[in-house]
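Listed below are the residues making up each chain.
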Protein chains: 2
Amino acid sequence: MRLVTLEDVHAAAAAIAPHVVHTPLLSFDSGLWIKPESLQPVGAFKLRGAVNALSRIPSEDRARGVVAYSSGNHAQAVAYAAKTLGMPAAIVVPENTPQLKIDATRAHGAEVFVVGITERESRAYELVEERKATLIPPFDHPDVIAGQGTIGLEICADLPDVATVLVPVSGGGLVSGVAAAVKSLRPNVRVIGVEPELAGDTTASFAAGELVRWDAHDRARTVADGLRAEPSELTWAHIRQYVDDVVTVSEDEIREAVRQIARRTRIVSETSGAVAVAAYLNRELPAGPAVAVVSGGNIEPEQLASILG
Amino acid sequence: MRLVTLEDVHAAAAAIAPHVVHTPLLSFDSGLWIKPESLQPVGAFKLRGAVNALSRIPSEDRARGVVAYSSGNHAQAVAYAAKTLGMPAAIVVPENTPQLKIDATRAHGAEVFVVGITERESRAYELVEERKATLIPPFDHPDVIAGQGTIGLEICADLPDVATVLVPVSGGGLVSGVAAAVKSLRPNVRVIGVEPELAGDTTASFAAGELVRWDAHDRARTVADGLRAEPSELTWAHIRQYVDDVVTVSEDEIREAVRQIARRTRIVSETSGAVAVAAYLNRELPAGPAVAVVSGGNIEPEQLASILG
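Residues numbered from 1 in each chain as written. Chains lettered and ligands numbered in written order. Predicted model: local features only at pLDDT ≥ 70, side-chain atom pairs only at ≥ 80, totals over all residues. Heavy atoms only, no water.

### Some points on the overall build of chain A
Right, on to step 1. What chain A contains, in helices and strands, is 13 helices and 10 strands.
Right, on to step 2. Relative to a compact globule of 309 residues, whose C-alpha radius of gyration would be 19 Å, chain A shows 18 Å and is just as compact.
Right, on to step 3. Taking all 309 residues of chain A together, the buried fraction comes to 61%.
Right, on to step 4. Restricting the contact set of chain A to residue pairs at least 6 apart, pairs at least 24 apart contribute 72%.
Right, on to step 5. Of the accessible surface of chain A, which amounts to about 11,200 Å², a share of 49% is contributed by carbon and sulfur atoms.
Right, on to step 6. Distance from the positive charge centre (28 side chains) to the negative charge centre (38 side chains) of chain A: 3 Å. (Helix = DSSP H or I, 4+ residues; strand = E, 2+ residues; numbered from the N terminus. Rg over C-alpha atoms; globule rule 2.2 N^0.38 Å. Buried < 20%, exposed > 50% of the residue type's maximum accessible area, 1.4 Å probe, protein only. Contact = heavy atoms within 4.5 Å. Areas by Shrake-Rupley, 256 points an atom, 1.4 Å probe, with all protein chains shown as cover. Lys, Arg positive; Asp, Glu negative; His and termini not counted. Charge placed at Lys NZ, Arg CZ, Asp CG, Glu CD.)

### Description of the interface of chain A and chain B
Right, on to step 1. The interface is formed by 23 residues belonging to chain A together with 23 residues belonging to chain B.
Right, on to step 2. A combined buried area of about 2,000 Å² lies between chain A and chain B, and 66% of that area is made up of carbon and sulfur atoms.
Right, on to step 3. Scanning the region where chain A abuts chain B turns up zero salt bridges.
Right, on to step 4. Seen at the junction of chain A and chain B, the total is six residue pairs in polar contact (both at pLDDT 80 or more).
Right, on to step 5. Of all the secondary-structure elements, those providing two or more residues to the side of chain A that touches chain B are helix H11 (251–265) and helix H13 (301–308) of chain A.
Right, on to step 6. Ranked by residues supplied to the side of chain A that touches chain B, first place goes to H13 of chain A with four residues.
Right, on to step 7. Looking at the side of chain A that touches chain B residue by residue, the class counts come to 14 nonpolar, seven polar and two charged. (Buried area = accessible area lost by both parts, 1.4 Å probe. Salt bridge = Lys/Arg side-chain N within 4 Å of Asp/Glu carboxyl O. Polar contact = N/O pair within 3.5 Å; in protein donor to acceptor, adjacent residues only side chain to side chain. Nonpolar A, V, L, I, M, F, W, Y, C, P; charged D, E, K, R; others polar.)

### Re the pairing of strand E2 (residues 32–36) of chain A
Residue and element names in this part refer to chain A.
Right, on to step 1. When you tally the buried positions in E2, you get four out of five residues, the bulk of the element.
Right, on to step 2. Pairing between strand E1 (residues 26–29) and E2: three bridges, direction antiparallel. Bridge assignment links Leu-26 to a residue of E2, and that residue is Ile-34.
Right, on to step 3. In this sheet, strand E10 (residues 290–294) lies alongside E2 in parallel orientation, the contact comprising five bridges. Residue pairing in the sheet places Leu-32 in a bridge with Ala-290 of E10. (Pairing = 2+ DSSP bridges.)

### Side note on the pattern of salt bridges
All names here are of chain A.
Right, on to step 1. The full count for this structure, using the stated rule, is 34 salt bridges over all chains.
Right, on to step 2. Residue Arg-255 pairs with Asp-252 through a salt bridge whose shortest N-O separation is 3.6 Å. Linking Arg-255 with Asp-252, this pair stays in helix H11, spanning three residues, or about one helical turn.
Right, on to step 3. What you see here is one network of salt bridges that share partners, running through Lys-35, Glu-37, Arg-48 and Glu-154.

### Comments concerning helix H8 (residues 201–208) of chain B
All names here are of chain B.
Right, on to step 1. Taken together, the buried positions of H8 are occupied by Asp-201, Thr-202 and Ser-205. Along H8, the residues classed as buried sweep out an arc of 95 degrees about the axis, all on the same side.
Right, on to step 2. Looking one or two residues beyond H8, the residue adopting positive phi is Gly-209, at roughly 80 degrees. (Arc of directions from axis to C-beta.)

### Considering the domain arrangement of chain A
Residue and element names in this part refer to chain A.
Right, on to step 1. Looking at the assigned domains, one finds that chain A contains domain 1 (6–44 + 141–308) and domain 2 (48–135).
Right, on to step 2. For the pairing of domain 1 and domain 2, the buried interface totals around 1,800 Å² over both sides, and the portion due to carbon and sulfur atoms is 55%.
Right, on to step 3. The largest contributions to the domain 1 side of the interface with domain 2 come from His-19, Val-42 and Asp-143, which together make up 31% of the buried area.
Right, on to step 4. The tally of links between domain 1 and domain 2 comes to three salt bridges.
Right, on to step 5. Residue Arg-56 pairs with Asp-143 through a salt bridge whose shortest N-O separation is 3.1 Å.
Right, on to step 6. Seen at the junction of domain 1 and domain 2, the total is nine residue pairs in polar contact (both at pLDDT 80 or more).
Right, on to step 7. Considering every element that reaches the side of domain 1 that touches domain 2, the biggest residue donor is helix H6 (residues 142–158), with eight residues. (Domains from an automatic or database assignment.)

### Topic: the packing of aromatic side chains
Aromatic ring pairs are reported here in terms of the distance separating the ring centres and the angle at which the planes meet.
All names here are of chain B.
Right, on to step 1. In total, this model carries two aromatic pairs over all chains according to the counting rule given.
Right, on to step 2. Ring geometry for Phe-28 against Tyr-280: centres 6.2 Å apart, planes inclined by 85 degrees, an arrangement best described as edge-to-face. Note that Phe-28 is positioned in strand E1 (residues 26–29) and Tyr-280 in helix H12 (residues 275–282), a separation of 252 residues in sequence. Tyr-280 matches Phe-28 in its accessibility class, with the two residues each being buried.
Right, on to step 3. For Arg-123, the ring lying beneath its charged end belongs to Phe-113, and the centroid distance is 5.1 Å. (Phe/Tyr/Trp six-rings, centres within 6.5 Å; stacked < 30°, edge-to-face > 60°. Lys NZ or Arg CZ within 6 Å of the ring centre and 35° of its normal.)

### Digging into the sheet that holds strand E7 (residues 164–168) of chain A
Residue and element names in this part refer to chain A.
Right, on to step 1. An order of E1-E2-E10-E7-E8-E9 is seen for the six strands of this open sheet, with the pairing classed as mixed. Each edge of the open sheet is held by one strand with a lone partner, namely E1 and strand E9 (245–249). The mean angle between the axes of side-by-side strands here comes to 30 degrees, regardless of whether they run parallel or antiparallel.
Right, on to step 2. The sheet strands contacting H6 are E2, E7 and E10, and the helix crosses E2 at an angle near 140 degrees.
Right, on to step 3. Relative to E9, helix H8 (residues 201–208) is tilted by about 145 degrees, and along the sheet it contacts strand E8 (190–196) and E9. (Axes fitted to C-alpha atoms, helices over the stretch in contact; angles between N-to-C directions.)

### Here we look at the environment of Ile-299 of chain A
Residues and elements named next belong to chain A.
Right, on to step 1. On the secondary structure map, Ile-299 appears in the loop between E10 and H13.
Right, on to step 2. Exposure remark for Ile-299: the relative accessible area of 7% places this residue in the buried category.
Right, on to step 3. Through-space distance from the C-alpha of Ile-299 to that of Glu-270 is 4.8 Å; in sequence the pair is 29 residues apart.
Right, on to step 4. Leave out the neighbours within four places in its chain, and Ile-299 touches Leu-100, Val-268, Ser-269, Glu-270, Leu-304 and Ile-307.

Structural data, given as structure tokens:
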């Protein structure tokens, strides 16, 4: 299986530069910097992968548009990328998606199809067939992984003495790209994946040395609604090759991390976005400066108020 | 009276670059970008002026340290800048200062003196006298104004077609520096100061064409605790020369702006930091892309929860 290379990530960086924010590193405390991907126009790192994937669609296919299925941030990212690059977009979302994310996706000009949670893939493939459109998967694609990897390039450039990079894990697109970039540039930097205990399938896979599958209902127990997916064969191959460790955090640790991020760096993070900081606050890490990727900030104001209050 | 020049601001930019964040412009909606100075290490733009002022202290005076008096963000900024540049700092704060800000100032290694609200200037001057230290005023100093002006340079560089810049006004250091930089580079850009109606002394001065003084008790009515100061002769001279207009916003408009900033840009802003966005949402502005400076993000989590909930 061909893995994403440093050259792929450099090419992605050039392609997406006009459309994404080069996020600054923000001081959390003396040992940790956060990389606030919540500052992207759609509020999440997903924009990087989406813009890169769309920018590589051949010009003759662009008018037929793109299709995506997603529980939220990927939907907004594809919708925004399509608007930015002048392509039509159809987005299929499950009916339990937060209204904030559905509204934001529509606001970017995409057609939104709300379907039962088990039907989203099949409906997306129907749309691809009907329209001869291009499917943009949330993580299971080399162009998406390469786009997310640009975060790793920025971390290495902006903090040359980084020792550890902490990255949320769900489907694994983010950690695959970041780890491929960071380990290719700096083999001695430790890249550690973080997931909720209640969706700890990748931690289990890492311990077993092979892909372990958890039931979707089990993975859905965590408050971190963006971390309920599971790796594909492609992202698992990157994780095995490039990631040094995968650890889990509790639901209480996740909520406390949202609170600490708001207080110490004045950043709004969603629960899924805060797990890497939760790991820093609660797990033993290697010595030296650490960076935690705060992957997104799309949280309902009422939920944030209840966590802060 | 000598006003701060574009050359002063360029020199400040070079001096402070290693120590401050070049804050990104974040999309609020199709007409507005925000400049999130809440992302500075101390959570406010004040770091720029403090680092610039401290960096210009002659080397033979540095060991005797610096003194500042402030209701909050300036205190933290001077404490952080002193730690960064290796100087001792003594900070005098009034007894009504939020505990979050006092704790943060101490955490940066400064000595903190909590005094009655009317004694802070006199206590600061005593400390200067005793220690032969250098006083760093919150806004009434050309080096401080030049440091804040670097925000204007960044806006002009990052958004070449900017039409309007909205800036919170209290003592006027921020708006003086930003306006001096922006109007020197781009005379056609409109620079508009924003203050709470309940502390609208600069709006009154602007209308009268001369410095109008409001009683400190009147200015203290606004929830925006960072906007209760009044301009000095020096900042007023910059405002007259460079600022196109000054407008006011209501207390409800300020709270709603905090909510919208969190929701649309995933940024935590303090009430004082949100007034420029409140003006964008509620006042008629010239056509073309606008930038609102979000000047700080140091808000107690409970206050933020109550505004969001």
